[in-house]
Amino acid sequence: MKKGIHPNYRPVVFQDAAAEFAFLSQSCVPTTDTIKWTDGNEYPLYKLEISSASHPFFTGKMKLLDTTGRVQKFNDKYKKTGYGKKDAKAEDKK
């Protein structure tokens, strides 16, 4: 193998400051910061803006933002059509 062409693959701590969450993984991401991990060793630190601990999809705190009223316009448009409602005659036959 040629020397000097491969990235520095090493253990790195990824830290999400918003959620106070960190995990240790292997990576070749460049970083200058270091942190002392729970095993007593010092590892390079890479700070994340968002991770699975703080992302709304994974935390279940997802919100539907409807600033222009699109959902209400859609509901109003199809309210009179009866689309999606169960047929009363079909239920009487059962």
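Per chain, residue numbering runs from 1 following the sequence as it is written. For this predicted model, a pLDDT threshold of at least 70 governs which residues receive local features, and a threshold of 80 or more governs which side-chain atom pairs are given and counted, while totals over whole chains, interfaces and linings are taken from all residues. Water and hydrogen atoms play no part in the side-chain values, which are based on all heavy atoms of the structure.

Where an unreviewed UniProt entry is consulted, the protein appears under the name Large ribosomal subunit protein bL31B, with the organism given as Gemmata obscuriglobus. UniProt positions are given in the numbering used here, feature names are shortened, and annotations may be inferred rather than shown by experiment. Database annotation for the protein, UniProt heading Sequence similarities (unreviewed entry): "Belongs to the bacterial ribosomal protein bL31 family. Type B subfamily." Turning to the protein, the UniProt annotation filed under Subunit (unreviewed entry) states: "Part of the 50S ribosomal subunit."

Peer 1: Where do I start with the overall build of the protein in this structure?
Peer 2: Across its full length, the protein carries three helices and four strands. Starting at the N terminus and walking to the C terminus, you meet the elements of the protein as β-β-β-β-α-α-α. By residue count, 12% of the 94 residues in the protein fall in the buried class. Contacts were defined at the residue level, with two residues in contact if any of their heavy atoms lie within 4.5 Å. When contacts within the protein are restricted to residue pairs at least 6 apart in sequence, long-range pairs at least 24 apart make up 29% of them. Think of it this way: any DSSP run of H or I at least four residues long counts as a helix, any run of E at least two long counts as a strand, and we number them from the N terminus. Note on classification: 1.4 Å probe, protein chains only; a residue is buried when its accessible area is under 20% of the maximum for its type, exposed when over 50%, partly exposed between these limits.

Peer 1: Looking at this structure, how should I read the side chain of Arg10?
Peer 2: Inspection of the secondary structure puts Arg10 in strand S1 (residues 10–16). For the buried Arg10, which has no salt bridge, the nearest side chain bearing the opposite charge is Asp33, at an N-O separation of 11 Å. Side-chain atoms alone can form a polar contact between residues adjacent in sequence; in general such a contact is a pair of N or O atoms within 3.5 Å, and within protein one must be able to donate a hydrogen while the other accepts it. A distance of 2.9 Å separates the side chain of Arg10 from the backbone oxygen of Val29, its partner in a polar contact. Ignoring any residue separated from it by four or fewer positions in sequence, one finds Arg10 in contact with Ser25, Gln26, Ser27, Cys28, Val29, Pro30, Thr31 and Pro44. His is not counted, nor are the chain ends, whereas Lys and Arg count as positive and Asp and Glu as negative. Any Lys or Arg side-chain nitrogen found within 4 Å of a carboxyl oxygen on Asp or Glu counts as a salt bridge.

Peer 1: Sorry if this is basic, but what is going on with the sheet that holds S1 here?
Peer 2: The strands that make up a sheet are held in pairs by hydrogen bonds between backbone atoms, and each pair lies either parallel or antiparallel. At least two bridges found by DSSP between two strands are what make those strands a pair. Taken together, the four strands give an open sheet; going across it, the order is S2-S1-S4-S3, and neighbouring strands pair in mixed fashion. Edge positions in the sheet fall to strand S2 (21–27) and strand S3 (33–36), since each of these pairs with one other strand and no more. Pairs of neighbouring strands in the sheet enclose a mean axial angle of 45°, with direction left out of account. Pairing of S1 with S2, which is carried by seven bridges, proceeds in the antiparallel orientation. Directly across from Val12, in S2, lies its bridge partner Ser25. Angular values range over 0 to 180 degrees, each being the angle between N-to-C directions of two axes fitted as lines to C-alpha atoms, with helices fitted over their stretch in contact.

Peer 1: Which parts of the structure should I look at to understand the packing of aromatic side chains?
Peer 2: Given two aromatic rings, their pairing is described by the distance between the two centres and the angle made by the two planes. Here a pair means two rings of Phe, Tyr or Trp (six-membered ring of Trp) with centres within 6.5 Å. Their orientation is stacked below 30 degrees between planes, edge-to-face above 60, and tilted elsewhere. Taken as a whole and judged by the stated rule, the model has three aromatic pairs. When the centroid spacing of 5.4 Å and the interplanar angle of 20° are considered together, the rings of Phe14 and Phe23 count as stacked. For Phe23, a relative accessible area of 33% translates into the label partly exposed. With a centroid separation of 5.8 Å and an interplanar angle of 70°, the aromatic rings of Phe14 and Tyr46 are classed as edge-to-face. Here Phe14 is found in strand S1, whereas its partner Tyr46 is found in strand S4 (residues 42–48), with 32 residues between them in sequence. Using a relative accessible area of 12% as the deciding quantity, one classes Phe14 as buried. Members of the aromatic cluster, joined through ring pairs, are Phe14, Phe21, Phe23 and Tyr46.

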